[in-house]
Amino acid sequence: MSAVAAQRWYGRLHWQVFIAMALGIAAGAAGGADIVPRVGWIGLLFVRLLKMVIVPLVLFSIISGVASVGGGRNLGRMFSKTLGYYILSSLLAILVGLVLVNVIRPGAGANIAGAGGATIPELAEPGTPADLLMRMVPENVVHAAAKPDMLALIFFCILFGAAVASLPEGPRETLSRFFNAGFGAMMKMTGWIIRLAPIGVFGLIARVVGLTGFDSFRAMALYMLTIASGLAVHLFITLPLLLIVLGRIRPRIHFRNMLEPLTLAFSTSSSGATLPVTLRAVEKKVGVSNRVSSFVLPMGATVNMDGTALYECAGVLFIAQVLGIDLSLGQQLVVVITALLASIGAAAVPSAGLVIIFLVLESVNLRGPEVDAVVGIMLAIDRPLDMFRTSVNVFSDSCGAAIIARSEGEEGVDKEQEKGGYDT
Ligand code: ASP
């Protein structure tokens, strides 16, 4: 991109993506299902490109990052801060959902049980804490990378990075330089793919609108509005407050710097597929070091899902309301805790949040054909909600990276970035 074009609004990538979104909506609405085979593949191809870089990017990023953190006490400190942030932000999100569903009561009086037509996906693997630990340790690391099983891969990379850090200077230097160089190459490749975002986003949005249309959304309007308001409160009030209070970071600037990952999270509905773009934006634009971002972001994409956590809690309470079941305070507390665990266990892919909602429903004994029917209807209209919650998931990860970078004494985290795009 030339310097002149970079200064004009239409030369900026996020504007190009916004325009592509608008064009995608128009094309999907006008073309309906017919448009799907014509342009849908463009979006899917773009997602494939993003997925292609995830495993090597995460591998190089975490190993080079952890090697520079060093082993032992430093690593332990980063780990506790990161985990502390994940739990705090997810719990705050869940509380917002809890309050809104109890105040708005979108499911009360709604007569939709039994009307489900959609097929319900298979229940994902259970997510108890012990299962989660078990999943974290790969039996075979090549298999974990090939699957890819991100939690297991991350676990191995963190250990490997710590091992590199504790080698004597000679081999440590050699390996660090190798992984740093590999990371640089992967970032460069990611930059090339990001350039294609406007075309990819057009295909993705046209496909979604062409497939679902707008009709099915009307019946569930209040439910959708409740979830969307909760996500908006978390995105525009809670997380900015965390940025200010915990990191002394100006939210306006952080939002600006995160525009590209946010628009991509929105159009791909996958924090996993967005991860390469998030990593790049947090380092190049927000100004967080590789040492912090490589630690906080890949793990965050997999386990820190504020939007999903809010959705799990609000969704289950909604189903209970539809079925006319009053959940006691104790039961709601169980929902809160299981929602947190479910969001940790949910994969960073589209609709993962909806699939894993069965886990939270089970925790308060909500099961049976009526429950399945309501979840079926929720599935039919899940995509737009998924787009919103994925954006919240990604934004929360970036806030965590910025806050932790600040707490590690990094300067220049919330500087207004001059550049309109990435230098690829
Ligand atoms: N799609 C979400 C994500 O990738 C997960 C979810 O369905 O809630 O972050």
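Refer to the structure printed above.
Report follows, based on the coordinates. (Residues numbered from 1 in each chain as written. Predicted model: local features only at pLDDT ≥ 70, side-chain atom pairs only at ≥ 80, totals over all residues. Heavy atoms only, no water.)

1. Structural notes on the overall build of the chain
Under the convention used in this document: Only runs of H or I of at least four residues qualify as helices and only runs of E of at least two qualify as strands under DSSP, and these elements are numbered from the N terminus. Residue exposure (1.4 Å probe, protein chains only): buried if accessible area is under 20% of the type maximum, exposed if over 50%, otherwise partly exposed. In this analysis, two residues are considered to be in contact whenever any of their non-hydrogen atoms come within 4.5 Å of each other. Note on areas: Shrake-Rupley, 1.4 Å probe, and residue coverage restricted to the protein chains presented here.
When you go through the chain residue by residue, the secondary structure sums to 20 helices and zero strands. Evaluated residue by residue, the chain yields a buried proportion of 55% over its 424 residues. Counting contacts in the chain only where the partners sit at least 6 residues apart, residues at least 24 apart contribute 85% of the total. Just so you have it, the chain exposes about 17900 Å², and 66% of that area is on carbon and sulfur atoms.

2. Points about the packing of aromatic side chains
Applied cut-off: Stacked, edge-to-face and tilted are the three classes for Phe, Tyr and Trp ring pairs, Trp counted by its six-membered ring, which pair at centre distances within 6.5 Å; planes under 30 degrees apart are stacked, over 60 edge-to-face, the rest tilted. Criterion for a charge above a ring: Lys NZ or Arg CZ within 6 Å of the ring centre, and within 35 degrees of the ring normal.
One pass over the structure, following the stated rule, counts eleven aromatic pairs. Centroid distance Trp15 to Phe18: 5.7 Å. Interplanar angle 70 degrees. Geometry classified as edge-to-face. Taken as a pair, Trp15 and Phe18 lie in helix H2 (residues 13-31) at a separation of three residues, close to a single helical turn. Among the residues examined, Phe18 registers a relative accessible area of 32% and is labelled partly exposed. Taken together, Phe60, Phe156, Phe160, Phe178 and Phe179 form an aromatic cluster joined through their ring pairs. Positioned above the aromatic ring of Tyr311 is the side chain of Arg389, whose terminal nitrogen or guanidinium carbon lies 4.1 Å from the ring centre.

3. Looking at the nonpolar core
In summary, soluble globular proteins display a tendency toward joint burial of nonpolar side chains. Operational definition: By convention a nonpolar core is built from buried Ala, Val, Leu, Ile, Met, Phe, Trp, Tyr and Cys residues, the set being connected through side-chain atoms within 4.5 Å.
Core analysis: the largest hydrophobic core is formed by 125 residues, its most contacted members being Tyr223, Ile319, Leu361 and Met378. Ranked by the residues each element gives to this core, the list is headed by helix H3 (residues 35-69), at 13 residues. Sequence-distant contacts of Leu361, that is, excluding residues within four places in its chain, are made with Val316, Ile319, Leu366, Val371 and Val375.

4. Notes on the packing of helix H15 (residues 306-322) against helix H16 (residues 329-345)
Let me state the cut-off plainly: Axes here refer to lines fitted to C-alpha atoms; in helices the fit is confined to the stretch in contact. Angles between the N-to-C directions go from 0 to 180 degrees. Note on terminology: angles under 35 degrees are roughly parallel, angles over 145 are roughly antiparallel, angles of 65 to 115 are roughly perpendicular, and the others are oblique. Each crossing gets its handedness from the near helix: less than a right angle anticlockwise from the far helix is left-handed, clockwise is right-handed. Residue classes follow a fixed rule: Ala, Val, Leu, Ile, Met, Phe, Trp, Tyr, Cys and Pro count as nonpolar, while Asp, Glu, Lys and Arg count as charged, and any other residue, Gly among them, counts as polar.
At a closest axis distance of 8 Å, the pairing of H15 and H16 adopts a crossing angle of 140 degrees. Classified by the angle their axes make, H15 and H16 are oblique. The two elements H15 and H16 meet at a crossing, and its hand is right-handed. Two secondary-structure elements touch here, H15 through Thr308, Ala309, Glu312, Cys313, Val316 and Leu317 and H16 through Gln332, Val335, Ala339, Ala342 and Ser343. Looking at side-chain class alone, the contact of H15 with H16 contains seven nonpolar, three polar and one charged residues.

5. Regarding helix H4 (residues 72-104)
Inclusion rule: In this scheme, a helix's expected span is set at 1.5 Å multiplied by one less than its residue total.
Taking 1.5 Å per residue as the helical rise, H4 with its 33 residues ought to reach 48 Å, and the 48 Å between its terminal C-alpha atoms agrees with that figure. One or two residues past the end of H4 sits Arg105, with phi positive at roughly 50 degrees.

6. Here we look at unusual backbone geometry
Residue Lys147 is joined to Pro148 through a cis peptide bond whose omega torsion reads -15 degrees. Within the element layout of this structure, Pro148 appears in the loop between helix H6 (141-146) and helix H7 (150-165). Backbone geometry at Arg105 places phi at a positive 50 degrees, although glycine is not the residue there. Among the secondary structure elements, Arg105 is positioned in the loop between H4 and helix H5 (129-136). With a relative accessible area of 35%, Arg105 lands in the partly exposed category. Phi at Ser269 is positive, roughly 55 degrees, even though this residue is not glycine.

7. Description of the site of the ligand
The condition that has to hold: Throughout, near means a residue has at least one heavy atom within 4 Å of the molecule or strand. For the purposes of these results, a polar contact is taken to be a pair of N or O atoms within 3.5 Å, where, inside protein, one atom must be able to donate a hydrogen and its partner to accept one; residues adjacent in sequence count only when each atom of the pair is a side-chain atom.
The environment of the ligand is made up of 15 residues, and the closest members are Ser271, Thr308, Gly353, Asp386 and Arg389. In the environment of the ligand, an oxygen atom lies 2.6 Å from a nitrogen or oxygen atom belonging to the side chain of Arg389. The side chain of Asn393 places a nitrogen or oxygen atom 2.8 Å from an oxygen atom of the ligand. Expressed as a share of its isolated accessible area of 270 Å², the protein-covered part of the ligand is 100%. Looking at the shell around the ligand, the elements that each hand over two or more residues are helix H17 (352-355) and helix H20 (382-407). Examining the composition of the shell around the ligand, we find that four residues originate from one element, H20, more than from any other. Residues that form the shell around the ligand fall into these classes: five nonpolar, eight polar and two charged.

8. Let's talk about the pattern of salt bridges
To keep things clear, this is the line we draw: A pairing counts as a salt bridge when a side-chain nitrogen of Lys or Arg comes within 4 Å of a carboxyl oxygen of Asp or Glu.
Evaluated as defined, the whole model comprises seven salt bridges. Arg389 is the salt-bridge partner of Asp386, the closest N and O atoms lying 3.6 Å from each other. Remark: Arg389 and Asp386 occur in helix H20; sequence separation between them is three residues, near one turn of the helix. Each member of the pair, Asp386 as well as Arg389, carries the same accessibility label: buried.

9. Some remarks on the environment of Gly84
Take Gly84: it is sitting in helix H4. Gly84 gets classed as partly exposed once you look at its relative accessible area, which sits at 38%. When the C-alpha atoms of Gly84 and Gly400 are compared, they prove to be 9.8 Å apart, with 316 residues separating the residues in sequence.

10. Concerning the packing of H3 against helix H9 (residues 197-212)
Direction vectors running N to C along H3 and H9 enclose 135 degrees, while the axes themselves pass 7 Å from each other. Of the possible angle classes, the one that applies to H3 and H9 is oblique. As for how H3 packs across H9, the hand of that crossing is left-handed. Taking contact as the criterion, the partners of Ile35, Val36, Val39, Gly40, Ile42, Gly43, Leu44, Phe46 and Val47 in H3 are, on H9, Ala197, Ile199, Gly200, Phe202, Gly203, Leu204, Ala206, Arg207, Gly210 and Leu211. Grouping the amino acids of the contact of H3 with H9 by side-chain chemistry returns 13 nonpolar, five polar and one charged.

11. Here's the deal with the environment of Ala346
The topology assignment puts Ala346 in the loop between H16 and H17. Given a relative accessible area of 3%, Ala346 falls into the buried group. For the pair Ala346 and Ala309, spaced 37 residues apart in sequence, the C-alpha to C-alpha distance is 9.4 Å. In this structure Ala346 touches Thr302, Met305, Thr308, Ala352 and Ile356, once residues within four positions along its chain are discounted.

In short, geometric facts, not functional conclusions.
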